[in-house]
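Descriptive analysis of the structure
So you can see what is in the structure, the chains are spelled out below.
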Amino acid sequence: MIEAHKLVKRFGRVEAVRDVSFKTRKGTITAMLGENGAGKTTTLKMALGFLRPDSGSVSIAPGRVGYVPDRPVFFPWLDGWAVLGLARARSNGNGRDGNGRDFGAAVLASARSLLFDPALLRRRPATYSAGNGKKFAYLQSLLPEPDLLVVDEPFSALDPPSIKCVRDILCGLRDSGKTVLLSSHMLAEMERIADGFVVLRRGQTIAHAGLREWRLLRSARTGPDLESVFLRLTGS
Amino acid sequence: MPDPALLALTWRVTRRRLVSSPLAVVAGLLFPAFVVWLGLSDSYATAAKFFFFLLPHVFLVAAQDTVRSDVESGALENVLFLGGRYRGYLGAKSLIAAGAAAGYSAALFALFAAWGLAAGGFGPDSLLKFGLAVVAGLYYVALAGLLSHSLRAGSNVLVLLLAQSASIIALVFTTTARTGLLDYAATGRFPGLGARLVFGAWVAILPNVIVSGRLAWFAAEIVALLGLAVFAQVRLLRRLEIRK
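Residue positions are counted from 1 within each chain, in the order its sequence is given. Think of it this way: whatever chain is written first is A, whatever ligand is written first is 1, and the rest follow in order. Local features in this predicted model are restricted to residues of pLDDT 70 or higher, and side-chain atom pairs are both shown and tallied only at a pLDDT of 80 or more, whereas totals for entire chains, interfaces and linings draw on every residue.

1. Considerations on the overall build of chain B
- Secondary structure elements are defined from DSSP: runs of H or I of at least 4 residues count as helices, runs of E of at least 2 residues count as strands, and each element is numbered from the N terminus. Secondary structure assignment for chain B yields 10 helices and zero strands.
- Going from N to C terminus, chain B has its helices and strands arranged as α-α-α-α-α-α-α-α-α-α.
- We take the radius of gyration over the C-alpha atoms and set the globule estimate at 2.2 Å times the residue count to the 0.38 power. Against the 2.2 N^0.38 benchmark of 18 Å for 244 residues, chain B shows a C-alpha radius of gyration of 19 Å, consistent with a compact globule.
- Across its three principal axes, chain B shows a C-alpha extent of roughly 60 × 45 × 30 Å.

Here you go:
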């Protein structure tokens, strides 16, 4: 679904990304791991078209793409319903979602699955708490039923019940054949749900394990956990 | 040709932004109130002079918020603007702002023309003046949009207003007993290239003066500058990235 090849991105003298290549597969959850400043967010932004790579290429298979940033920001003059209405206009603009259900009912169903209080939709998302802002970003991205969902720090700012809901949603997407790419520092959570890993260090891909490699690694008698693998790979 | 879905999205966002902007609402209401007050306290002819001269500023107010504030706010890093769609959104925003200002101006002009027809003061040259005011307004939108790549919302308009104030003050202070720029502009005849160039620079800052209809060369200059500003903005938008 996403294929990145030798991505390079500089900001002035700083080389944020210098050689990142990876591939995600349909119907899987891939976790992008790395220390602070490893280039994860820059890589995601290049994949999503917010930044242009200085060299290298990235391609995404055709289909709907959802994106939940680490700290979502919304236009401060629009209320929740208006923002969701924009997403609706983007998908088909006829007031009904892909399955022909009523838009309002679809919003309420998605809000329930995220433990998001629908009453908040009458307020401006700019006034939401960090956790509700994150859940609202999920709501906005999930409504058009994306084929690929990219999430930067999927569980940041969320309370434990919401983390469980989001985990269930991500696994549900994977089980229904959608592709999910996550960037996170929460190794235990990633180990729990991801099928493959991309590890970045100082702007470079230093490891790329698919489902098969990871299963092999886990099945080994001395099967290490993701945290020890990560610490060893990054030399931390 | 902009994507119709993107235009619809931009229209929804920009319309609400304009309506929620106190400056846009106050300026939009004060302008016709001022013109009506002039017409009632003096004459329709006086009101007409101010109406056509100030009309381009309706466009300037509508163009107060275009690029940098949106980019810096982080609101463009949203699922709505994936795949570089934010560039199309920002480009369409200028079109929407210009369209909204043109629509509002046309409504005001229709009311003003009706008043003029009733008062017997409306002439066919008013149509030409309205057209020139719209051209000057579109130039404002392009120029303010260009400035908004480096200045935050409102600052782009403020810079233009300050430059206009400074140029008017400079013009007043440099006015002498001899025939000068204002006299040339009043007659539409300039003695030489130097005077034309100086006045051309002044027109680039205050394009409202072309609404008189006597300054065809300078109206052409504004059209050329409008094209240049649009070209420059398209180039800047192509290179734009969301780095926040």
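2. Focus: the confidence of the model for chain B
- Scored from 0 to 100, pLDDT reflects the predictor's confidence in each residue. Chain-level pLDDT for chain B is 89 on average; 97% of the residues reach the 70-or-more range.
- Listed scores for the predicted complex are pTM 0.87 and ipTM 0.84.

3. A short note on the interface of chain B and chain A
- Listed by partner, the interface residues are 19 residues for chain B and 22 residues for chain A.
- Element by element, the count of residues in the side of chain B that touches chain A is highest for helix H1 (residues 4–19) of chain B, at seven residues.
- Each residue gets one of three labels, nonpolar for Ala, Val, Leu, Ile, Met, Phe, Trp, Tyr, Cys and Pro, charged for Asp, Glu, Lys and Arg, and polar for the others, Gly among them. Here the side of chain B that touches chain A is composed, by residue class, of nine nonpolar, five polar and five charged. C-beta atoms are first placed from the backbone for all residues, and any pair lying within 7 Å is then listed as a contact.

4. Focus on unusual backbone geometry
Residue and element names in this part refer to chain A.
- Even without glycine at this site, Glu-145 takes up a positive phi of about 55°.
- Counting through the fold element by element, Glu-145 comes out in the loop between helix H4 (130–142) and strand E6 (148–152).
- Unusually for a residue other than glycine, Arg-202 sits at a positive phi of about 45°.
- Note on placement: Arg-202 falls in the loop between strand E8 (196–201) and strand E9 (204–209).
- Residue classification places Arg-202 among the partly exposed positions, given that 16 C-beta atoms sit within 10 Å. Exposure classification rests on a simple neighbour count of other C-beta atoms within 10 Å of a residue's own: a residue reaching 20 or more is buried, one at 12 or fewer is exposed, and one in between is partly exposed. C-beta atoms are placed from the backbone.

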